[in-house]
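Coordinate inspection notes
Chain residues, written in single-letter form:
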Amino acid sequence: MAATEASALSIRNVSKAFPTPEGGEVKALDDVSLDVADGSFMVLLGPSGCGKTTLLRCIAGLESPDSGEIDLKGTRIDDVPVWKRRVNTVFQSYALFPHMTVTQNVAFGLQMDKLPKGEIAQKVDRSLELVRLTGLGGRRPSQLSGGQQQRVALARALAKEPEVLLLDEPLSALDLKLRRGMQLELKRLQQETHITFVLVTHDQDEAMSMGDRVAVFNEGRIVQVGEPREVYLRPRTRFVADFIGEANIVDVITEGGGAAITGWGAIPGESWAADSPAIGDGRRVAAVRPEDVMLTAGGDGRFPIIDATFIGGDLHAVVQVGDMTLAARQPAADATGLSTGGRCDVAFRAGSLRIVED
Amino acid sequence: MARRSTSGRAGQGTWWAGLPGLAYLVALVLAPLVIIVIFSFLSRAKLGVGVKWEFTVQPYVELFYSESLSGERSFDPTYLQIFFNSVVYSLITALVCLVLSIPIALWIATRPPKWRTLLVFLVTIPFWTSLLIRTYAFVIILNDNGPINGALTGLGILSEPIPMLYTPFATIVGLVYSFLPFMILPIYASAERFDFRLAEAAYDLGATKGRVLMRIVLPAVRPGIIAGLILVFIPALGSFLAPELLGGGKTSMIANVIAAQFGASRNWPFGAALSVMVLVIVMLALVAFAVVARRSSRRGSQQSLESLL
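Notes on the structure follow. Keep in mind that what you see is a predicted model, and the values were worked out from it rather than measured. (Residues numbered from 1 in each chain as written. Chains lettered and ligands numbered in written order. Predicted model: local features only at pLDDT ≥ 70, side-chain atom pairs only at ≥ 80, totals over all residues. Heavy atoms only, no water.)

1. Quick word on the overall build of chain B
Heads up, the rule is: Runs of E in the DSSP output that reach at least two residues are strands. Runs of H or I that reach at least four are helices, and both are numbered from the N terminus. Here the radius of gyration uses the C-alpha set of atoms, whereas the globule reference equals 2.2 Å times the residue count to the power 0.38. Accessible area is worked out with a 1.4 Å probe on protein chains only. A residue is then buried under 20% of its type maximum, exposed over 50%, and partly exposed in between. It only takes one pair of heavy atoms within 4.5 Å for two residues to be counted as in contact.
Secondary structure assignment for chain B yields 14 helices and four strands. For chain B, whose C-alpha radius of gyration is 25 Å, the value lies well above the compact-globule estimate of 19 Å for 309 residues. The dimensions of chain B, computed from C-alpha atoms along their principal axes, are 80 × 75 × 45 Å. In chain B, which comprises 309 residues, the share counted as buried stands at 37%. Taking all contacts inside chain B whose residues are at least 6 apart in sequence as the whole, residues at least 24 apart take part in 62%.

2. Notes on the pattern of salt bridges
To be explicit about the condition: By convention in these notes, a salt bridge is any Lys or Arg side-chain nitrogen within 4 Å of a carboxyl oxygen on Asp or Glu.
The tally for this structure, following the rule as stated, stands at 30 salt bridges over all chains. The residue Arg-188 of chain A makes a salt bridge to Glu-185 of chain A at a minimum N-O spacing of 2.7 Å. Taken as a pair, Arg-188 of chain A and Glu-185 of chain A lie in helix α6 (residues 176-193) at a separation of three residues, close to a single helical turn. Note that Glu-192 of chain B is salt-bridged to Arg-116 of chain B, the shortest N-O span being 3.4 Å. Of the two residues, Glu-192 of chain B is situated in helix α7 (residues 168-192) and Arg-116 of chain B in helix α4 (residues 113-123); the sequence distance between them amounts to 76 residues. Within the structure, one salt-bridge network assembled from shared partners comprises Arg-132, Arg-151, Glu-185, Arg-188 and Glu-192 of chain A.

3. Thoughts on the sheet that holds strand β9 (residues 213-218) of chain A
Residue and element names in this part refer to chain A. Put simply, the rule is: Strand pairing is assigned whenever DSSP identifies at least 2 bridges connecting the two strands. For helices, the fitted axis covers only the stretch in contact; all axes are lines through C-alpha atoms, and the angles between them, taken along N-to-C directions, range from 0 to 180 degrees.
Taken in spatial order, the six strands line up as β6-β7-β8-β3-β9-β10 in an open sheet, and their pairing is mixed. Bordering the open sheet on either side are β6 (87-90) and β10 (221-226), each of which pairs with just one other strand. Taking the axes of each pair of neighbouring strands and ignoring which way they run, one obtains an average angle of 20 degrees across the sheet. Looking at chain direction, strand β7 (residues 164-168) and strand β8 (residues 196-201) are connected through five bridges and run parallel. Considered in β8, the bridge of Leu-166 is made with Val-198.

4. Structural notes on the sheet that holds strand β2 (residues 25-37) of chain A
All names here are of chain A. A sheet is described by the order of its strands in space; here four strands give the open sequence β2-β1-β4-β5, paired in antiparallel fashion. The open sheet is flanked by β2 and β5 (75-76), the only strands paired with a single partner. Of the strand pairs in this sheet, strand β1 (residues 7-19) and β2 are connected by nine bridges, and their pairing is antiparallel. Within the sheet, the bridge partner assigned to Pro-19 lies in β2 and is Glu-25.

5. Concerning helix α3 (residues 78-109) of chain B
Formally: Expected helix span is taken as 1.5 Å per residue step, with the number of steps being one fewer than the number of residues. Throughout, bend refers to the angle between the axes fitted to the seven residues that end at a position and the seven residues that start at it.
Taking 1.5 Å of rise per residue, 32 residues should cover 46 Å, and α3 of chain B covers 45 Å from first to last C-alpha, within 8% of that figure. Along α3 of chain B, the sharpest change in direction is near 35 degrees and occurs at Ser-101 of chain B; proline Pro-103 of chain B comes one to four residues later.

6. Quick look at the pairing of strand β4 (residues 67-72) of chain A
As paired elements, β1 of chain A and β4 of chain A share five bridges and run antiparallel to each other. The partner of Ile-11 of chain A across the bridge, within β4 of chain A, is Ile-70 of chain A.

7. Here we look at the environment of Leu-218 of chain B
Residue and element names in this part refer to chain B. You can see Leu-218 is positioned in helix α9 (residues 209-220). Considered as a pair, Leu-218 and Ile-102 are 116 residues apart in the sequence and their alpha carbons are 8.8 Å apart. If we ignore the near neighbours within four places in the chain, the residues touching Leu-218 are Ile-102, Leu-213 and Ile-225.

8. Quick notes on the interface of chain A and chain B
Worth spelling out the cut-off: Once two parts are put together, the accessible area they lose, assessed with a 1.4 Å probe and summed over both, is termed the buried area.
Listed as interface residues are 30 residues of chain A and, on the opposing side, 22 residues of chain B. With both chains or domains summed, chain A and chain B bury close to 2500 Å², and 61% of this area falls on carbon and sulfur atoms. When the buried surface of chain A facing chain B is broken down by residue, Trp-83, Gln-104 and Met-112 of chain A rank first, second and third, together holding 23% of it. Inspection of the region where chain A meets chain B yields one salt bridge.

9. Regarding the packing of α3 of chain B against α4 of chain B
What describes two packed helices is the angle between their axes and the distance between those same axes. Residue and element names in this part refer to chain B. We count it as follows: These descriptions rest on fixed angle ranges, namely under 35 degrees for roughly parallel, over 145 for roughly antiparallel, 65 to 115 for roughly perpendicular, and the rest for oblique. Each residue is assigned to one class: nonpolar for Ala, Val, Leu, Ile, Met, Phe, Trp, Tyr, Cys and Pro, charged for Asp, Glu, Lys and Arg, and polar for all the others, Gly among them.
Here α3 crosses α4 at 150 degrees, and the two axes come no closer than 9 Å. In terms of axis orientation, α3 runs roughly antiparallel to α4. Every residue of α4 that contacts α3 at Trp-107, Ile-108 and Ala-109 is listed here: Arg-116, Leu-119, Val-120 and Val-123. Across the contact of α3 with α4, the residue classes tally to six nonpolar, no polar and one charged.

10. What about the environment of Leu-63 of chain B?
Residues and elements named next belong to chain B. Along the chain, the position of Leu-63 falls in helix α2 (residues 58-64). As for Leu-63 and Ala-273, which are separated by 210 residues in sequence, their C-alpha atoms are 8.1 Å apart. Residues in contact with Leu-63, not counting those within four places in the same chain, are Asp-76, Tyr-79, Phe-83, Phe-270, Leu-274 and Met-277.

11. Observations regarding the packing of aromatic side chains
Residue and element names in this part refer to chain B. This is how it is decided: A pair of aromatic rings is counted whenever rings of Phe, Tyr or Trp (Trp by its six-membered ring) have centres within 6.5 Å, and the orientation is called stacked for planes under 30 degrees apart, edge-to-face for over 60 and tilted otherwise.
As enumerated under the stated definition, the model contains 17 aromatic pairs over all chains in all. Centroid distance Tyr-65 to Phe-75: 6.2 Å. Interplanar angle 80 degrees. Geometry classified as edge-to-face. Note that Tyr-65 is positioned in strand β3 (residues 65-67) and Phe-75 in strand β4 (residues 73-75), a separation of ten residues in sequence. On the basis of relative accessible area, Tyr-65 is assigned to the partly exposed category, the value being 41%. Note on Phe-138 and Tyr-177: the rings are 4.9 Å apart at their centroids and 55 degrees apart in plane angle, and the pair reads as tilted.

12. Structural notes on the side chain of Asn-248 of chain A
Residues and elements named next belong to chain A. Spelled out, the test is: N or O atoms within 3.5 Å of each other form a polar contact, as long as, within protein, one can give a hydrogen and the other can take it, and as long as residues adjacent in sequence are counted only when both atoms are side-chain atoms.
Tracing the chain through its elements places Asn-248 in strand β11 (residues 248-255). You can call Asn-248 buried: its relative accessible area is 6%. Within polar-contact distance, the side chain of Asn-248 engages the backbone nitrogen of Ala-327 at 2.7 Å. Ignoring anything within four residues of it in the chain, the contact list for Asn-248 reads Ala-286, Ala-287, Val-288, Arg-289, Pro-290, Val-293, Thr-325, Leu-326 and Ala-327.

13. Quick word on the packing of α3 of chain B against α7 of chain B
All names here are of chain B. Note the cut-off: Note on convention: the crossing is left-handed when the near helix lies turned anticlockwise from the far helix by less than a right angle, right-handed when the turn is clockwise.
In the contact formed by α3 and α7, the axes pass within 6 Å of each other and the chain directions differ by 40 degrees. Taken together, the axis directions place α3 and α7 in an arrangement best described as oblique. Both α3 and α7 take part in a crossing whose hand is right-handed. Residue classes in the contact of α3 with α7 are distributed as 24 nonpolar, three polar and one charged.

14. Focus: unusual backbone geometry
Residues and elements named next belong to chain A. Phi is positive for Asn-13, which is not a glycine, with a value near 50 degrees. Within the secondary structure layout, Asn-13 lies in strand β1. On the basis of relative accessibility, which here comes to 40%, the residue Asn-13 falls in the partly exposed class. Residues other than glycine seldom take positive phi values, yet Glu-219 does so here, at roughly 50 degrees. Examined against the element boundaries, Glu-219 turns out to sit in the loop between β9 and β10.

Quick look at the structure:
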């Protein structure tokens, strides 16, 4: 298994169901497989309830999968108790021990490994330095700001030098400005420590800016894995196109040998992305980004403009095309004559339309 | 100044609402205490009940010395021994209750909320019947022909019954039984507020179950443990029924001696002096608990890595 050897973490066909209060069952994870390359930054992205946190807890050992296998550096760990796994977690709530100081919090995991005192002190110092908290070791968690608590949680997990660091929505409790700073900080930490990071988030910007690779989750399954740019440019399903960035989903039908959009007309061949899946027969859906929908103003335009708003230097417009509405975005300079209640023509940028799974 | 009438906490202006409660406390708690203290410095009535209004410290002398018929005083540790036994029995009771209560309280606190209410309710069920009746039940359970000895001899584990009733063991069993809910409930109240995600974090950092319990859970429920120890130790020290019915007079605790002084012995001043001593012991115990609690919490907060290791 060549793939497994290069992987820090290898997840094979993992499933996990939870009972619901109504007596039914929800599949939190449905046959999930994923490889995480050693020393890489993997982001698990998806809406809440999609199973990404459950997968993280299965890796940590806080949940056990109903079926499937989890390997860490080629060794199976899904039957290893949580306290023996060389994996550590930064929890969403930070879960700092309130009755201990920062130093004691960071030292806790090292004491559990029964390391010599001197080594513990050294590693605690190094971890606090790494997260830039030197000098705050004597404080209690309650005496720290949210951002500082976050750093303590990071230092506590990193001090153990885990094979894989798991981060469960670590930035969701921080305000926007702090979050941006911490995103860069996390990226820096990952690059400095060469530890494999697996981060869970529902924030696509976070996923895009931090991940070496992104795994997009929906309803307990991984729908697409790839580099952030690739996932953005080449969404495989309607869900991915919609969830990452904005997308217009248009119904496409085959008509006279070519493809057409109802209410708009035949789609010129050059509008399709070069590597878009073929339309085949029947009805399919295609995705197109708002910035690839080009509007031209004109009193005799075919489509009414429902809304046109300038946000910053861009025009955000919504146009009625047949039964559907299309969102469009273009630089204000190209948007003269486009206003709410007016009419316009619609074209698609070359190479912008892509058939996606519905 | 415009906000004077609305500032401060709600109810601040209605101090008089506390008067009935205050009057009750003065009349029914403070006054009897004062009477007991006064009685302990008075002389024994020659005939019948009551006291003779003549100041003396004789009752306190009787605590430590006995007087022979010829009027010779000699040191007599009888009562000190009883005090000592009472404190030891109460401490054992409190510790046994603690050990039994921690798993029960934690187990209840980790059930779904719907179940917790029911389980806490079950813990309080013993209060529905008089303690006297429940203590008598232990006479039946523990006696030589009772179910425990019956089962042990019936199974051939014992050739003849072990005498359990009318021993210190029976007294402590009765005390633990009487006061167990007073330990479970405060520990549960603390455990219920415990954030079990902290336990997950500790597991994640490599702590085994025992270490999570000792280093994370117990420090968090410490207020409940201290409250439970006080709530069990103090009433156990003054308990009368269990030593009377189960200890069989052989293992008297201080309350039984006090009862005898006010009853059969007709020595009210000495009974009052014993009561004052109990009061002193309880106050010393409370101070000790407070010091221990303060010291351990301060150690927790100021412990640097160096002192920890």
